[in-house]
Amino acid sequence: MSPQLPPVAPAVTAELVAALSPRLRKRLDSGIAKLADRPVVRDGAVVRIAVDDDTDLELHAPDGAVRGADAVRCGCLLAPDCLHRAAAASLAPVAEDTDSAAPQDRSAAEEDTAQAPETATPEQRAAVRAVQLATSAVLEAGTDGAGAVLQAELLRAAHTARLAGLHRAAATAVSVVTALRAARAADPAYHLTELAAGLYDVLSVAHRLPSASGGELTALRGTARQPYRPDGSLRLYGLFSEPVLTASGYAGAVTWTADAEGRLYQVSDVAPGGAGRAVGAADRTVRIGDTALSHRELARAGLAVSGATVSPTGRLGAGAGVRAVRAPGAGWHEEPVARLWAEPVPDQIARALAGGRDLLFLDVTLTGTAAEAVGDCLLAEGAGVPLRLTAAHDDPALPHRDNLRLLSAAPGTRLRVVARLTPAPHPRAQLLAAEHPTRADTRLDIGLDRLQGADLPTTTAAPSGSVPVPVSASASACDEAPIHLLRRRVHQAVSGGRPVLALPGDTRADARRLRRCGLTTAAELLTDLHSAAADRAHDVFGRLRPTDPDRFARAWLAAAHYTRELDRTLCLAAWTS
């Protein structure tokens, strides 16, 4: 995926792919690969791709995104029925779909004040069924088989769902397409677990919505945009900043602040861009009120806001009526900020697993490093348990991994940190911010500030080709929990599709092991998942009937739901043991 291309609305990509002949559809993925290697030039609101020495393809994005099929223009002899237009749309990031003015659209406040239980409309049931079918087809094919045609079908279904007022299903379906593209492009930012989570969310919403009513239906529908509500005057204290870098082509920074009661608020600056924008956004001026603070400065200072507007997730609005000026900040060991670390860790974990904020405020002692398949992680002791602190981003332009590597060379160092919970059968979190290992009252934004060897305690030296220490026996045992037998199959289905699980093999040994460990339901789900994958009935002439994507998707959803809930239970137990 080229970061130089403007994002394209889902409906545009779906329309261009649908207009291709069957012959051109078969060539679409190879056409995308060829176009990805061609030179790209931006001229104001127009982006040009050199299809060959004599032919250019143009994407017109006057508001930063391509909103209509006629905005993708090709100069080849076959245009407008050529392959190039659909290939360019499929190569570009997916734009936010703003065409959502359907009669069913209502604000969150209107939904909350509904007096009687409601049920999904026929239009919504049809739309969510389309999303379900398109997602099931993607799951059946796996990442290797889910090319541009299947992606376009899912984008079309997402657009239809948004028009029907099903914003949650639409947004999650788009995120699945973005993750699929990252997987197929071997993007370093791609993570199989994130794609699996996206597929689970889409299929779960599609499964539950037709029979939902009242508050459950409201949550499953979602809202077009987060409503900002007036919140009067706020006195905020900066905590830390983190870079934002998404696979969908957006980048920037978010600065986290807290009020005197410990409530968290965010100030964000996220726009189309790549790693360069993520690195530089911290030094941009905060876009709220008249303040001249940068994000990096706000993370260590304070803010007095009047006429504040706040989204349900705590994001501060930057409307014309908002006023903000710089105010003194507070250290992490000073009130009122210190109360965030005073909250018992089990309470923080329980809130995060219940869908609340996922930030953890911990006091830890560094113990070393451990090698993992996705890269080394920092080992530490905190809240009475051994935990692993991992990098929030793998992009080499951001200093996450380098900072973790340096901190691992300072075993015994005690630090106050901020991390983001990663649900797992063992204590695990992404390290976002920390105290400086040698400078009192100095904070480090792990994704923005770059540590040097001289920053380490004098009793340690900067690592030079250091070898990670082995993971402790208790951590290894946790990794080998029997539930991995089912989780592995869930992830294999996402990457390889139904055919991988349909291959001949004996799953009875895994099922027996799960039963011996008391995981009878897991054993039954594993057996059913393989059975659904291998179910190919024959017709009266002995020919194989088409597969049943619905059955396979249902079996996969059940297995994914079970592992998800068990992981949450094991995660809470690991942090509180």
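Cut-offs applied
- Residues numbered from 1 in each chain as written.
- Predicted model: local features only at pLDDT ≥ 70, side-chain atom pairs only at ≥ 80, totals over all residues.
- Heavy atoms only, no water.
- Salt bridge = Lys/Arg side-chain N within 4 Å of Asp/Glu carboxyl O.
- Helix = DSSP H or I, 4+ residues; strand = E, 2+ residues; numbered from the N terminus.
- Buried < 20%, exposed > 50% of the residue type's maximum accessible area, 1.4 Å probe, protein only.
- Pairing = 2+ DSSP bridges.
- Axes fitted to C-alpha atoms, helices over the stretch in contact; angles between N-to-C directions.
- Contact = heavy atoms within 4.5 Å.
- Patch = residues over 30% accessible without salt bridge, like charges linked within 9 Å, V, L, I, M, F, W, Y side chains within 5 Å.
- Areas by Shrake-Rupley, 256 points an atom, 1.4 Å probe, with all protein chains shown as cover.
- Lys, Arg positive; Asp, Glu negative; His and termini not counted.
- Charge placed at Lys NZ, Arg CZ, Asp CG, Glu CD.
- Phe/Tyr/Trp six-rings, centres within 6.5 Å; stacked < 30°, edge-to-face > 60°.
- Lys NZ or Arg CZ within 6 Å of the ring centre and 35° of its normal.
- Polar contact = N/O pair within 3.5 Å; in protein donor to acceptor, adjacent residues only side chain to side chain.
- Parallel < 35°, antiparallel > 145°, perpendicular 65-115°, else oblique.

Trainee: Where do I start with the pattern of salt bridges in this structure?
Mentor: Side chains that differ in charge, positive against negative, can pair when their charged atoms come close. Within this structure, the stated rule accounts for 31 salt bridges. Residues Arg184 and Asp29 are paired through a salt bridge, measuring 3.7 Å at the closest nitrogen-oxygen approach. Separated by 155 residues along the polypeptide, Arg184 in helix H8 (residues 167-184) and Asp29 in helix H3 (residues 28-36) bring together distant segments of the chain. Arg296 is the partner of Asp449 in a salt bridge, and the nearest nitrogen-oxygen pair spans 2.6 Å. Here Asp449 is found in the loop between strand E15 (443-445) and helix H16 (473-479), whereas its partner Arg296 is found in helix H12 (residues 295-298), with 153 residues between them in sequence. Residue Asp449 is classed as buried on the basis of its relative accessible area, which comes to 15%. By relative accessible area, Arg296 is classed as partly exposed at 21%. Linked through salt bridges whose partners overlap, the residues forming this network are Asp283, Arg296, Arg300, Asp445 and Asp449.

Trainee: What exactly am I supposed to notice about the sheet that holds strand E2 (residues 46-50) here?
Mentor: Within a sheet, neighbouring strands are paired by backbone hydrogen bonds and run either parallel or antiparallel to one another. Read from one edge to the other, the open sheet built from four strands follows the order E1-E2-E3-E4, with strand pairing classed as antiparallel. Edge positions in the sheet fall to strand E1 (40-43) and strand E4 (72-74), since each of these pairs with one other strand and no more. Averaged over all pairs of adjacent strands, the angle between their axes in this sheet comes to 20°, without regard to strand direction. Packing of helix H4 (residues 83-91) onto the sheet brings it into contact with E2, strand E3 (56-60) and E4, and relative to E3 it is tilted by some 50°.

Trainee: Help me understand a negative patch on the surface in this model?
Mentor: Together, Asp52, Asp53, Asp54 and Asp56 give the surface a local cluster of negative charge. Position of Asp53 among the secondary structure elements: in the loop between E2 and E3. By relative accessible area, Asp53 is classed as exposed at 75%.

Trainee: Explain the packing of aromatic side chains to me, please; I cannot follow it from the model alone.
Mentor: Think of a pair of aromatic rings as described by two things: how far the centres are apart, and how the planes are tilted against each other in angle. Applying the stated rule across the entire model yields three aromatic pairs. Measuring from centroid to centroid gives 6.2 Å for Phe240 and Trp256, while their planes differ by 10°, and the two rings are stacked. In this pair, Phe240 sits in strand E5 (residues 229-245) while Trp256 sits in strand E6 (residues 250-258), placing the two residues 16 residues apart along the sequence. Among the aromatic residues, ring-to-ring pairing joins Trp332, Trp341 and Phe361 into one connected group. When the ring centre of Tyr237 is taken as reference, the NZ or CZ atom of Arg235 above it lies at 4.3 Å.

Trainee: Help me out: how do you make sense of unusual backbone geometry in this one?
Mentor: Across residues other than glycine, the phi torsion is negative in most instances, and most of the peptide bonds are trans. The peptide bond linking Ala79 to Pro80 adopts the cis configuration, its omega dihedral lying at 5°. One can find Pro80 in the loop between E4 and H4. A cis amide bond, omega 5°, links Glu335 with the succeeding residue Pro336. Inspection of the secondary structure assignment puts Pro336 in the loop between strand E9 (323-327) and helix H13 (339-342). If you check the backbone angles, Ala383 has positive phi at about 55° while not being a glycine. Note on placement: Ala383 falls in the loop between strand E11 (377-382) and strand E12 (385-390). Positive phi is not limited to glycine here, since Asp441 has a value of about 65°. Turning to its location among the elements, Asp441 is positioned in the loop between strand E14 (428-435) and E15.

Trainee: What am I meant to see in the environment of Arg181 here?
Mentor: Mapped onto the secondary structure, Arg181 falls in helix H8. In the structure, Arg181 is positioned 35 residues away from Ala146 in sequence and 9.1 Å away in space, judged by C-alpha atoms. Only 3.2 Å separates the side chain of Arg181 from the backbone oxygen of Ser90, close enough to count as a polar contact.

Trainee: It is not clear to me how the side chain of Glu242 should be interpreted in this structure. Could you clarify?
Mentor: Checked against the element boundaries, Glu242 lands in strand E5. What makes Glu242 buried here is its relative accessible area of 10%. Side chain to side chain, Glu242 and Trp256 meet in a polar contact 3.0 Å long. The contact partners of Glu242, leaving out residues within four places of it in the chain, are Gly252, Ala253, Val254, Trp256, Arg420, Leu432 and Leu448.

Trainee: Can you walk me through the packing of helix H9 (residues 192-208) against helix H17 (residues 484-496) in this structure?
Mentor: Any two packed helices are characterised by the angle at which their axes cross and by the distance between the axes. One way to put it is that H9 packs onto H17 with a least axis distance of 10 Å and a crossing angle of 90°. The angle between H9 and H17 falls in the class roughly perpendicular. Counting all contacts with H9, which are made through Leu192, Thr193, Leu195, Ala196 and Leu199, the residues of H17 involved are His491, Val494 and Ser495.

Trainee: What should I look at first to understand the pairing of E11 in this one?
Mentor: In regular strands, side chains alternate between the two faces of the sheet. In terms of residue burial, E11 counts as a mostly covered element, since five of its six residues are buried. Both strand E10 (residues 359-370) and E11 contribute to a ladder of six bridges, which runs antiparallel. Across the sheet, residue Gly368 finds its bridge partner in E11, namely Leu379. Taking the residues that link successive antiparallel strands as the turn, the E10-E11 hairpin has six residues, and the phi of Gly375 there is positive, at about 125°.

Trainee: Where do I start with the pairing of E1 in this structure?
Mentor: Looking at chain direction, E1 and E2 are connected through four bridges and run antiparallel. Pairing of Val41 across the sheet is with Arg48, part of E2. As consecutive antiparallel partners, E1 and E2 are separated by two residues, and within that stretch Gly44 has a phi angle of approximately 65°, a positive value.

Trainee: Any chance you could explain the sheet that holds E5 here in plain terms?
Mentor: With antiparallel pairing, the five strands of this open sheet are ordered in space as E7-E6-E5-E8-E9. Two strands lie at the open edges of the sheet, namely strand E7 (264-272) and E9, each paired on one side alone. Each strand of the sheet is rotated relative to its neighbour by a mean of 35°, with strand direction disregarded. Pairing geometry for E5 and E6, over eight bridges, is antiparallel. Considered in E6, the bridge of Leu245 is made with Ala251.

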